[in-house]
Amino acid sequence: MTRTDLGMPAFPDAAREAVRDGVLRANLRHATHTIRDKRARAVAELEDWDRLRAAGKAVKDHTLRHLDRYLLQLEAAVTAAGGTVHWAVDADEANRIVTELVRATGEREVVKVKSMATQEIGLNEALEAAGITAYETDLAELIVQLGHDRPSHILVPAIHRNRAEIRDIFRAEMGRWGRPAPDPLGDDPRELAEAARLHLREKFLRAKVAVCGANFMVAETGTMVVFESEGNGRMCLTLPETLISVVGIEKVVPTFRDLEIFLQTLPRSSTAERMNPYTTMWTGLGPSRGADGDGPSAFHLVLLDNGRTDTLADETGRQALRCIRCSACLNVCPVYERAGGHAYGSVYPGPIGAVLSPQLRGTDSEIDASLPYASTLCGACYDVCPVAIDIPEILVHLRERVAQGGPVTRHGIRVRIRPAHGHTAERAAMRAARLLLDRPGALRAGERLLARARRLAPRRLPGPGAAWTDTRDLPSVPAEPFRDWWTRERGTPQ
Amino acid sequence: MRVALFVTCVTDALYPQTGIAVVRLLERLGVHVDFPAGQSCCGQPQYNTGYRHETEPLVRRTAAAFAGHAYVVTPSGSCAAMIREHYPRIGRKAEREGRGTELTEAARSLAPRVYELTEFLVDVLGVTDVGAYFPHTVTYHPSCHGLRGLGLGDRPRRLLAAVKGLDLVELPGAQECCGFGGTFAVKNPDVSAAMGTDKLTSAAGTGAEVLCGTDNSCLAHLDGLLRRADSPLRTLHLAEILAATEEEPLT
C-alpha cells in the first residue's frame, strides 16, 4: 500500500491518542450509533436477508475459486466493448500505468470518483509526483483532501470531523484548490454542501480525464458498476473524455444477474438506504458513447492484484476477499468506535482493515503485526457482514501467524515466516501457562500458593500486567480455590 | 440426571463461589454433579492470542476429562463457545497439517455434550423458575460469546425474571462488548478500559444495585473498573443469584 502508511505506530499506541480525544470520540460515537441503528432497521425490512447474505457469500466464493477464468472472460468482454484492459501486479505498476495514461492525454488534472483501490495504491501522491493534480469529488473525500488529512472510514472518510471543523477547512482551503468558499459561510449542512457543489462543478466542467474504481465488474458483459450517493461520481463518469478505472481483481462477479443480490445488500449495509441514489453502469464504450455520444471516448480498466492472489492462497484468510466495502463492520465495532480509523494505519480501517491490511501488506511492520489484536473478538462484525466474512476467525488465524509464524504465500511463492518481533516473552509465558494448566497437580499447588499469599497480592502488577492494574483493580484472591472446596466438602474428585 | 461440572480455570482460582453456586443450584434441581479431577483450562487464552499449538494439549486434556459424561455444564459462555466452535477448528487445522484425526475426534465427541449453564437449565432441564430469591435490582450484561457465539438469546433474562423479589432492569446497549476480550484487556488497555467504563456508565444509569453476567472473566474486568472507581454497583455471576434462596440468601 502507500508509502505514507509505513512506519505507523502500533495500534495500541495510536488508539491511546484517539481514546483521549474527547471531540473525536463524541464524533465517532454519534456517527456510528446513528448509522448502525438505521442499518438495523433497513435490514429488518427484508424477510429474506439471511438468504441474500448466503447468496452473496456463495457468489463471491464461487467467483474467487474460479477467479482466473472470470478475469479472462471480463478482459475479453471489456475489450470487445471498446475498452482497454491493463494488468497491475502491485501498487507501483498500477500507478505507473495510470500516470502514463494521463500523460498520453496531455492533461495535468484529473477528477476522481471516491475509490478505495486508488487510495490503497496511493495514486494521488504518485500523480502529484508526476506533476498531475487529482481532485477528489466525493464530499467527504474533498473534506479530507482539503484538510490535508487522511480518511478514517471506508464509506464516510471524514466521519471524524464535525461540521464546525468542516466549515473551517472549507474557508481556509477551498480558494487554494479552485473556487473559494462563499463568504460568509456557516456550518449548516446545507450551506456546506452548497459550497462544495459550487467548488466541484467548476472541476467537473473543466476535466478531460476521470479516475474511478468500481464496486463490481461483470465478467459476462464487461460492465463496470459504481454505487454512490451524491451524483458527483456520475459527473466524473460521464463528462470527461477519458475514463480510467482502477479495480481490485476480487471485484468481479460472473453474471449481470448476480448484481440483483448486491443491489439489495450493499446499500442497506452501508448507508442504510433501500437503494443508493446513483448506480452507474457502463460497458466499454458502447454504440452511444464515443465522440458523438454520451460519456468518455476512451475507457481503460486497470486490474489490480497488490497482494490479492497471495491472500487467495490462504484457506482461512481468503474470505476477506468477499468484502464489498460496505463498512457495516466499522459502524458496529466497539473498538473502532473508540480508536477511530486513523489508528489502523491503513486505508482499510476497522475490523475488515484489521484482517485485510496484514494480508495484503504482510505482517512485517509494527502496525500490521498489531492489527490482528485490535479486536475483542466480540463477533458483532461477523453478525452484520452482508457476505458473512467470519472476521473473528481470520483475526485469530492472523494472530497465530504473528505469534508463531508459519506458511504464507508471498508474490506467488509459498514461504515460511518467523514469528513477529516482540513475542518472545509472551510465547514463553503462554508455554509456561500451558505446562501448568496441563498438570492439575501443579495447577492446584499454584492455586494454593496464590491463596496463601493473597494478603501479599500487590495493587499494581509489574510488566505487561501493569496494563491491567493501571486502570483496574485485580480480583481478590479467595481463601481456597474451588477444587479445595470440593475436596473438603465432597472428597477427592474423580 | 448426572452431569460433570466444568468449572473453568478463572472460576476455580478466583471465583470459587460461582462454582459452589452451580453445584448447589443443580443439586437443588435434583441433578447429581461430578467434578472430574483431570479438568483444567479450555485453552482459550492461548488460542485467542495466537498460540494454537499450545492449545492442543488442553483440547486433549479437556476432552479426556469429560469423556464419561453425557452432559458437561459450565458457568462460562466463552469457554463453552471455545469448545463448541473452536475445538473442531483446531482439529481440522491439525488434520490439514498432516497430524491425524485425533484432535478432530476429541472435539467431535466433546463439543455437542457441552452446555453453558443457562442453556442446560432451560433446554435440558426445562426450567426457568429455579426457586431462587434475590430481593435486589439487577441488570444483565450478555457477554459476547454467550450472545453471539452460543446464541443464548433471552434464556438468562427468563431465568432472572423468574427469581422471586428480583427487579430486572434493561441495560441500554446490552449487546455491546464490555472490552475484556481476554488478552485484549492487556494488549489494548486504553480501548479496553474505555469500553468497560462506557458499559458501567450504562449500568449505573439503570439504577441497578447488581450488574450480572454469565462469564467471570468479563465480570473481573468490569469489577476491577468499579472497585477502582469506588462505585456502589457490584458485579455478580448469574449462577450465584440463581443459587440464592430465602433459606440461604446471598449476602
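From a predicted model like this one, the values you see are computed outputs, not experimental measurements. (Residues numbered from 1 in each chain as written. Chains lettered and ligands numbered in written order. Predicted model: local features only at pLDDT ≥ 70, side-chain atom pairs only at ≥ 80, totals over all residues. Heavy atoms only, no water.)

Visitor: Would you explain the overall build of chain A in this entry?
Guide: A tally of helices and strands in chain A yields 23 helices and twelve strands. Projected onto its principal axes, the C-alpha coordinates of chain A cover approximately 95 × 55 × 45 Å. In chain A, of all internal contacts separated by at least 6 residues, the share reaching a separation of at least 24 is 72%. When the accessible surface of chain A is split by element, carbon and sulfur atoms take 52% of a total near 20,900 Å². Here chain A carries 66 positive and 64 negative side-chain charges, and the mean point of each set is 7 Å from the other. (Helix = DSSP H or I, 4+ residues; strand = E, 2+ residues; numbered from the N terminus. Contact = heavy atoms within 4.5 Å. Areas by Shrake-Rupley, 256 points an atom, 1.4 Å probe, with all protein chains shown as cover. Lys, Arg positive; Asp, Glu negative; His and termini not counted. Charge placed at Lys NZ, Arg CZ, Asp CG, Glu CD.)

Visitor: Even after reading the chapter, I still don't get the sheet that holds strand β7 (residues 210-213) of chain B, so can you show me in this structure?
Guide: As a general point, the strands of a sheet are linked pairwise by backbone hydrogen bonds and lie either parallel or antiparallel. Residue and element names in this part refer to chain B. Read from one edge of the open sheet, four strands run β6-β5-β7-β8, paired in parallel fashion. Because the sheet does not close on itself, it has two edges, and the strands there are β6 (167-169) and β8 (234-237). For this sheet, the mean inter-axis angle between neighbouring strands, taken without regard to orientation, is 35°. For β7 and β8, the ladder comprises four bridges, and the chain directions are parallel. (Pairing = 2+ DSSP bridges. Axes fitted to C-alpha atoms, helices over the stretch in contact; angles between N-to-C directions.)

Visitor: What am I meant to see in the confidence of the model for chain B here?
Guide: Fine structural detail should not be taken from predicted coordinates in areas where pLDDT scores are low. Counting all residues, the mean pLDDT for chain B is 96, and 100% of those residues have values of 70 or more. Reported confidences for the modelled complex are a pTM of 0.95 and an ipTM of 0.96. (pLDDT = per-residue confidence, 0-100.)

Visitor: For this particular structure, what's the right way to read the pattern of salt bridges?
Guide: Enumeration according to the criterion identifies 60 salt bridges over all chains in this entry. With a closest N to O distance of 3.3 Å, Glu176(B) and Arg36(A) form a salt bridge. Separated into two different chains, Glu176(B) in the loop between β6 and α10 (184-187) and Arg36(A) in helix α2 (residues 22-44) make up a pair that spans both. Residue Glu176(B) shares its accessibility class with Arg36(A), and that shared class is buried. (Salt bridge = Lys/Arg side-chain N within 4 Å of Asp/Glu carboxyl O. Buried < 20%, exposed > 50% of the residue type's maximum accessible area, 1.4 Å probe, protein only.)

Visitor: Just checking my understanding: could you explain the sheet that holds strand β5 (residues 216-218) of chain A for this structure?
Guide: All names here are of chain A. Strand order in the open sheet formed by four strands is β8-β5-β6-β9, with mixed pairing between adjacent strands. At either margin of the open sheet sits one strand with a lone partner, and together these are β8 (252-253) and β9 (278-283). Examined bridge by bridge, β5 and strand β6 (residues 223-228) share three bridges and lie antiparallel to one another. Paired with phenylalanine 216 across the bridge in β6 is valine 225.

Visitor: Please clarify how unusual backbone geometry should be interpreted in this entry.
Guide: Excluding glycine, most residues fall at negative phi; most peptide bonds, likewise, are trans. All names here are of chain A. Of note, the amide linkage connecting aspartate 183 to proline 184 takes the cis form, showing an omega dihedral of 0°. Tracing the chain through its elements places proline 184 in the loop between α9 (163-177) and α10 (189-206). Its identity as a non-glycine residue notwithstanding, serine 327 has a phi of 75°, on the positive side. As for its placement among the helices and strands, serine 327 is situated in the loop between α13 (308-312) and α14 (328-332). A positive phi angle is found at alanine 388, which is not glycine, with a value near 55°.

Visitor: Which parts of the structure should I look at to understand the packing of helix α8 (residues 139-146) of chain A against α9(A)?
Guide: Each pair of packed helices can be summarised by the angle the axes make with each other and by the distance between the axes. Residues and elements named next belong to chain A. It is at 9 Å that the axes of α8 and α9 come closest, and there the two elements cross at 75°. Classified by the angle between their axes, α8 and α9 sit roughly perpendicular to one another. Here Leu139, Leu142, Ile143, Gln145 and Leu146 of α8 come into contact with α9, specifically with Ile166, Ile169, Phe170, Glu173, Met174 and Trp177. Classifying every residue of the contact of α8 with α9 by side-chain character gives nine nonpolar, one polar and one charged. (Parallel < 35°, antiparallel > 145°, perpendicular 65-115°, else oblique. Nonpolar A, V, L, I, M, F, W, Y, C, P; charged D, E, K, R; others polar.)

Visitor: Looking at this structure, I do not really get the UniProt feature "domain: Cysteine-rich" (unreviewed entry) in chain B. What am I missing?
Guide: Within this structure's numbering, the places UniProt gives as "domain: Cysteine-rich" (unreviewed entry) are residues 3-84 and 138-223 of chain B. The distance from the first to the last C-alpha atom of residues 3-84 of chain B is 17 Å, and the span holds 57% helix and 11% strand. (UniProt positions renumbered as here; feature names shortened; annotations may be inferred.)

Visitor: Looking at this structure, how should I read helix α5 (residues 77-96) of chain B?
Guide: Given 3.6 residues per helical turn, the α-helix brings residues three or four places apart onto the same face. Residue and element names in this part refer to chain B. Helix length check: α5, at 20 residues, gives a terminal C-alpha distance of 28 Å against a target of 28 Å (1.5 Å per residue), a fit within 8%. Bending of α5 peaks at approximately 40° at the position of histidine 86, with proline proline 88 no more than four residues after it. Burial analysis of α5 places 15 of its 20 residues in the buried class, which makes it a mostly covered element. In the stretch just after α5, glycine 98 is the one whose phi turns positive, near 75°. (Expected span 1.5 Å × (residues − 1). Bend = angle between axes of the 7 residues up to and from the residue.)

Visitor: Whenever I open this one, the packing of aromatic side chains confuses me. Can you help?
Guide: Working definition: an aromatic ring pair is given by the centre-to-centre distance plus the angle between the planes. Applying the stated rule across the entire model yields 16 aromatic pairs over all chains. On the numbers, 5.6 Å between centres and 40° between planes, the contact of Trp486(A) with Phe35(B) is tilted. Residue Trp486(A) is located in helix α23 (residues 482-490), and its partner Phe35(B) is located in the loop between β2 (32-34) and α3 (44-49); the two belong to separate chains. Residue classification places Phe35(B) among the buried positions, given a relative accessible area of 0%. Through pairs of rings, three or more aromatic residues link up here, namely Phe482(A), Trp485(A), Trp486(A) and Phe35(B). (Phe/Tyr/Trp six-rings, centres within 6.5 Å; stacked < 30°, edge-to-face > 60°.)

Visitor: Would you explain the environment of Pro156(B) in this entry?
Guide: Residues and elements named next belong to chain B. Residue position: proline 156 is located in helix α9 (residues 155-161). Residues proline 156 and threonine 118, spaced 38 residues apart in sequence, show a C-alpha to C-alpha distance of 5.9 Å. Residue contacts for proline 156: discarding those within four places in its chain leaves Thr118, Tyr140, Thr214 and Leu238.

Visitor: How do you make sense of helix α11 (residues 189-205) of chain B when you look at a structure like this?
Guide: Residue and element names in this part refer to chain B. Over its 17 residues, α11 extends 24 Å from the first C-alpha to the last, a length consistent with the 24 Å expected when each residue adds 1.5 Å. Residues of α11 that are buried: Pro189, Val191, Ser192, Ala193, Ala194, Met195, Gly196, Lys199, Leu200 and Ala203. Positioned one or two residues after α11, glycine 207 has a phi angle of 80°, which is positive.

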